[in-house]
Amino acid sequence: MVNLSLSSILKSDGKFEITLDQRKLKTPKGSPFLVDTEPLALAVATEWNSQKGKIVQSKMHITTLCNTVLDNPNNLTKLDIVNYIVNCLDTDTVLYQANEDEDLLKFQITEWDPVIEWFNKRFNVKLKKSVQMDVSPVSEEDKTTLIRHLMSYNFASVNGFLYGVDTLKSVILTLAATDRYLTPEKAVLLSRLEEEYQCGRWGRVEWAHDLNQQELQSRLAAVVLFVYFNSQSMKVQEKNKP
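From a predicted model like this one, the values you see are computed outputs, not experimental measurements.

Engineer: Help me get a handle on the overall build of the chain, residues and values and all.
Structural biologist: Helices and strands together make up the secondary structure of the chain, namely ten helices and four strands. Listing the helices and strands of the chain from first to last along the sequence gives β-β-β-β-α-α-α-α-α-α-α-α-α-α. Residue burial in the chain is summarised as follows: out of 242 residues, 46% are buried. Taking as baseline every contact in the chain between residues at least 6 positions apart, the subset at least 24 positions apart corresponds to 62%.

Quick look at the structure:
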């Protein structure tokens, strides 16, 4: 059993630290846990304050993202991460629609096509849905456009996008959520569209599906907040430059 209490959030050289029980929080590698904005520090502190009885690291998604950015365990550059994200479009969930089940295909067209249309207009690309996994629905030109867009974000933000893509298996749904076109709840539902369709036909194990959906929503909501806090930090810094 543990009983953690938040002592304070400290500002140090323009960054923010979190103290727990009079001790400064550190990353898994032992580096000082420093974030750029007070809202982000408060979000981390809230996650720690929500730990009751025992520490469950897997539930602290914003803290995990901060640790990943600070420690960079795989020594990735921003370009490494952006290239990985953009290449995930080749297997993006919403771009591959069923052709063997007419009712499922209609369901996908109704739910997914408006998101694809929004994405193409928002990012000035021409992604096309496909029913063949061996044919990429994304041109090299479109990939270049999206690389340029993602590279405009800072290192922390692109780590957030990566976390979202790994959660939803979809670049399109991740960017739609971080851009506030979709709520995290809706984005998760759309990422599980075929599963929801099958459950509607054959029934569902309520507790199992609900828990999984809630966990995905929690992860994605953390991504939306994390990208927002880091993007706002970047914009404020740019405006303050002489």
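Engineer: Outline the environment of Glu47, listing residues and values.
Structural biologist: Positionally, Glu47 belongs in helix α1 (residues 38-49). Separated by 15 residues in sequence, Glu47 and Ile62 place their C-alpha atoms 7.8 Å apart. Leave out the neighbours within four places in its chain, and Glu47 touches Lys59, Met60, His61, Ile62 and Thr63. Only 2.9 Å separates the side chain of Glu47 from the backbone nitrogen of Ile62, close enough to count as a polar contact.

Engineer: So what's going on with the packing of helix α3 (residues 78-87) against helix α6 (residues 155-168)? Which residues, and what values?
Structural biologist: The interhelical angle for the contact between α3 and α6, taken along N-to-C directions, is 30°, at an axis separation of 10 Å. Between α3 and α6, the angle falls in the class roughly parallel. Pair α3 / α6 crosses with left-handed handedness. Of the residues in α6, those in contact with Lys78, Ile81, Val82, Tyr84 and Ile85 of α3 are Phe155, Val158, Asn159, Phe161, Leu162, Val165 and Asp166. Within the contact of α3 with α6, the residues separate by chemical class into nine nonpolar, one polar and two charged.

Engineer: Explain the pairing of strand β2 (residues 15-20) to me, using residue names and the numbers behind them.
Structural biologist: Counting buried residues along β2, five of its six residues qualify, which places the element largely inside the surrounding structure. Sheet topology places β2 next to strand β4 (residues 34-35); two bridges connect them, and they run antiparallel. Residue pairing for β4: Glu17 is matched across the bridge by Leu34. Examined bridge by bridge, β2 and strand β3 (residues 23-24) share two bridges and lie antiparallel to one another.

What counts and how
Residues numbered from 1 in each chain as written. Predicted model: local features only at pLDDT ≥ 70, side-chain atom pairs only at ≥ 80, totals over all residues. Heavy atoms only, no water. Helix = DSSP H or I, 4+ residues; strand = E, 2+ residues; numbered from the N terminus. Buried < 20%, exposed > 50% of the residue type's maximum accessible area, 1.4 Å probe, protein only. Contact = heavy atoms within 4.5 Å. Polar contact = N/O pair within 3.5 Å; in protein donor to acceptor, adjacent residues only side chain to side chain. Axes fitted to C-alpha atoms, helices over the stretch in contact; angles between N-to-C directions. Parallel < 35°, antiparallel > 145°, perpendicular 65-115°, else oblique. Left-handed = near helix turned anticlockwise from the far one by under 90°. Nonpolar A, V, L, I, M, F, W, Y, C, P; charged D, E, K, R; others polar. Pairing = 2+ DSSP bridges.

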